[in-house]
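Remarks on the overall topology
Letter by letter, the chains look like this.
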Amino acid sequence: EDWKYLVSLYMKNPSDWEKKRAMVIYAEHLGDDESYLTLRMEQMKYGMDYWNLVEYYKKKRMDGKALETAEKGILEGRGRCTELFSYLFDHYEKLDRTSDIDRLIRTARERRTEELQMLKRGFGYHRKKDNYDKAREYLLAGFEHLRWGGEFDYFMKMQNYIKSEE
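Residues numbered from 1 in each chain as written. Predicted model: local features only at pLDDT ≥ 70, side-chain atom pairs only at ≥ 80, totals over all residues. Heavy atoms only, no water.

1. Details of the overall build of the chain
How we decide: For the purposes of this entry, the term helix denotes a DSSP run of H or I that reaches at least four residues, the term strand denotes a run of E that reaches at least two, and both are numbered from the N terminus. Relative accessibility thresholds used throughout: buried, under 20% of the residue-type maximum; exposed, over 50%; partly exposed, between the two (1.4 Å probe, protein chains only). Residue contacts are defined here by distance: any two heavy atoms, one from each residue, within 4.5 Å place the two residues in contact. Residue exposure ignores everything except the shown protein chains as possible cover, and the areas themselves are Shrake-Rupley values with a 1.4 Å probe.
Counting its regular elements, the chain contains 10 helices and zero strands. Ordered by position in the sequence, the α and β elements of the chain form the string α-α-α-α-α-α-α-α-α-α. Of all 166 residues assigned to the chain, the portion counted as buried reaches 39%. Intrachain contacts of the chain at a sequence separation of at least 6 include 46% that bridge at least 24 residues. Accessible surface for the chain amounts to roughly 10,300 Å². Of this, 47% is attributable to carbon and sulfur atoms.

2. Focus on the packing of helix α8 (residues 115-128) against helix α9 (residues 132-144)
Definition in use: Every angle, taken between N-to-C directions, lies between 0 and 180 degrees, and every axis is a line fitted to C-alpha atoms, over only the stretch in contact when it is a helix. Each angle is binned into one of four classes, with values under 35 degrees roughly parallel, values over 145 roughly antiparallel, values of 65 to 115 roughly perpendicular, and all other values oblique. Crossing chirality is assigned from the near helix's rotation relative to the far helix, an anticlockwise turn below a right angle marking it left-handed and a clockwise turn marking it right-handed. The classification used treats Ala, Val, Leu, Ile, Met, Phe, Trp, Tyr, Cys and Pro as nonpolar, Asp, Glu, Lys and Arg as charged, and all other residues, Gly among them, as polar.
Where α8 meets α9, the axes come as close as 8 Å, and the angle between the chain directions of the two elements is 155°. Between α8 and α9, the crossing angle belongs to the class labelled roughly antiparallel. Here the hand of the crossing between α8 and α9 comes out left-handed. Contacts from L116, L119, G122, F123, H126 and R127 of α8 reach α9 at K134, A135, Y138, L139, A141 and G142. Across the contact of α8 with α9, the residue classes tally to seven nonpolar, three polar and two charged.

3. Overview of helix α4 (residues 47-59)
Convention followed: For a helix, the expected span equals 1.5 Å multiplied by the residue count minus one.
With 13 residues, α4 extends 18 Å between its outermost C-alpha atoms, agreeing within 8% with the 18 Å of an ideal straight helix rising 1.5 Å per residue. Residues G47, D49, Y50, W51, L53, V54, Y56 and Y57 constitute the buried set of α4. Where α4 is buried, its residues touch α2 (16-30), α3 (33-42), α5 (63-76) and α6 (82-94). Where α4 ends, the next residue or the one after it, R61, has phi of about 60°, a positive value.

4. So, the side chain of E71
Its location among the elements puts E71 in helix α5. Sequence-distant contacts of E71, that is, excluding residues within four places in its chain, are made with L88, Y92 and R103.

5. Digging into the side chain of E114
The cut-off we apply is this: Neither His nor the chain ends is counted toward charge; the positive residues are Lys and Arg and the negative residues Asp and Glu. By definition here, a salt bridge exists when the distance from a side-chain nitrogen of Lys or Arg to a carboxyl oxygen of Asp or Glu is within 4 Å. Any pair of nitrogen or oxygen atoms within 3.5 Å is treated as a polar contact; in protein, a donor-acceptor pairing is required on top of that, and neighbouring residues in sequence qualify only through side-chain atoms on both sides.
Here E114 lies in the loop between α7 (98-111) and α8. One buried charged side chain, E114, makes no salt bridge at all; its nearest oppositely charged neighbour is R80, positioned 6.4 Å away. Among the polar contacts listed, one links the side chain of E114 to the backbone nitrogen of C81, at a separation of 3.5 Å. Among residues more than four places away in sequence, those in contact with E114 are R80, C81, T82, F85 and A108.

6. Here's the deal with the layout of surface pockets
Rules: Cavity means a closed set of points on a 1 Å grid over the protein atoms alone, one where a 1.4 Å probe fits but cannot get out, pocket means an open set with protein on both sides within 12 Å along at least 5 of 7 lines, and lining means a residue has an atom within 4 Å of a point. Grid points are joined across faces, edges and corners, and a volume is the space filled by probe spheres set on the points.
Taken as a whole, the largest pocket spans an internal volume of roughly 290 Å³. For the largest pocket, the full set of lining residues is K20, M23, V24, A27, E28, Y36, R40, N52, E55, Y56, K59 and K60. Those elements that place two or more of their residues in the lining of the largest pocket are α2, α3 and α4. Counting residues per element, the lining of the largest pocket draws most heavily on α2, at five residues. When the residues that make up the lining of the largest pocket are grouped by side-chain class, the tally is five nonpolar, one polar and six charged. Quantified by volume, the second largest pocket comes out at close to 150 Å³.

7. With respect to the packing of aromatic side chains
Where we set the bar: Pairing of aromatic rings covers Phe, Tyr and Trp, the last counted by its six-membered ring, and requires centre-to-centre distances within 6.5 Å; plane angles under 30 degrees mean stacked, over 60 mean edge-to-face, and any other angle means tilted.
A complete count under the given rule lists five aromatic pairs for this structure. Ring centres 5.9 Å apart and planes at 65° place the aromatic pair W51 and Y87 in the edge-to-face group. Separated by 36 residues along the polypeptide, W51 in helix α4 and Y87 in helix α6 bring together distant segments of the chain. The residues W51 and Y87 share a single accessibility class, namely buried. Between F89 and Y125, the ring centres sit 6.4 Å apart and the planes meet at 85°, which makes this aromatic pair edge-to-face. Here Y125 lies in helix α8 and F89 lies in helix α6, a separation of 36 residues in the sequence. The exposure classification of F89 matches that of Y125, with both residues buried.

Right, here's the structure in full:
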């Protein structure tokens with residue numbers, strides 16, 4: 001009863017913060033999935049909103065919904081999408097789905113979010129697969145996106161990987 005009362009107070013004139021508190025109570029204390037999902041679906045703006053829903057679905061062992069939500073999140077989520085891209089990359093890497101991995105990297109580059117992380121992981125994936133051309137492509141693209149620091153280490157990795165005649 002206390003949790004329900006607290007939610008009713010939050011929902012009288014709810015701010016985003018109060019809605020998030022109510023979602024936590026619905027999901028973790030009351031087990032009210034329907035109310036949680038109703039509120040959650042109203043708050044799907046940022047990458048972390050999508051990630052929170054992915055985690056909810058994973059906890060409920062609804063893997064298909066988790067993947068679907070992560071896919072939608074990398075396309076529509078604003079701001080931080082790190083966890084969404086990592087989750088999808090890990091999933092597709094386990095299944096050895098090269099075309100989906102390459103699609104994730106294209107999406108990151110097109111959206112200009114998580115580019116370097118995805119390019120580095122794509123390089124590592126294709127390097128393990130002995131796909132020299134694709135690994136080289138991602139390595140060189142990653143070098144272009146370096147911002148602050150790490151350039152020497154990345155350059156050394158590139159120098160050691162790319163064939164000397166290039």
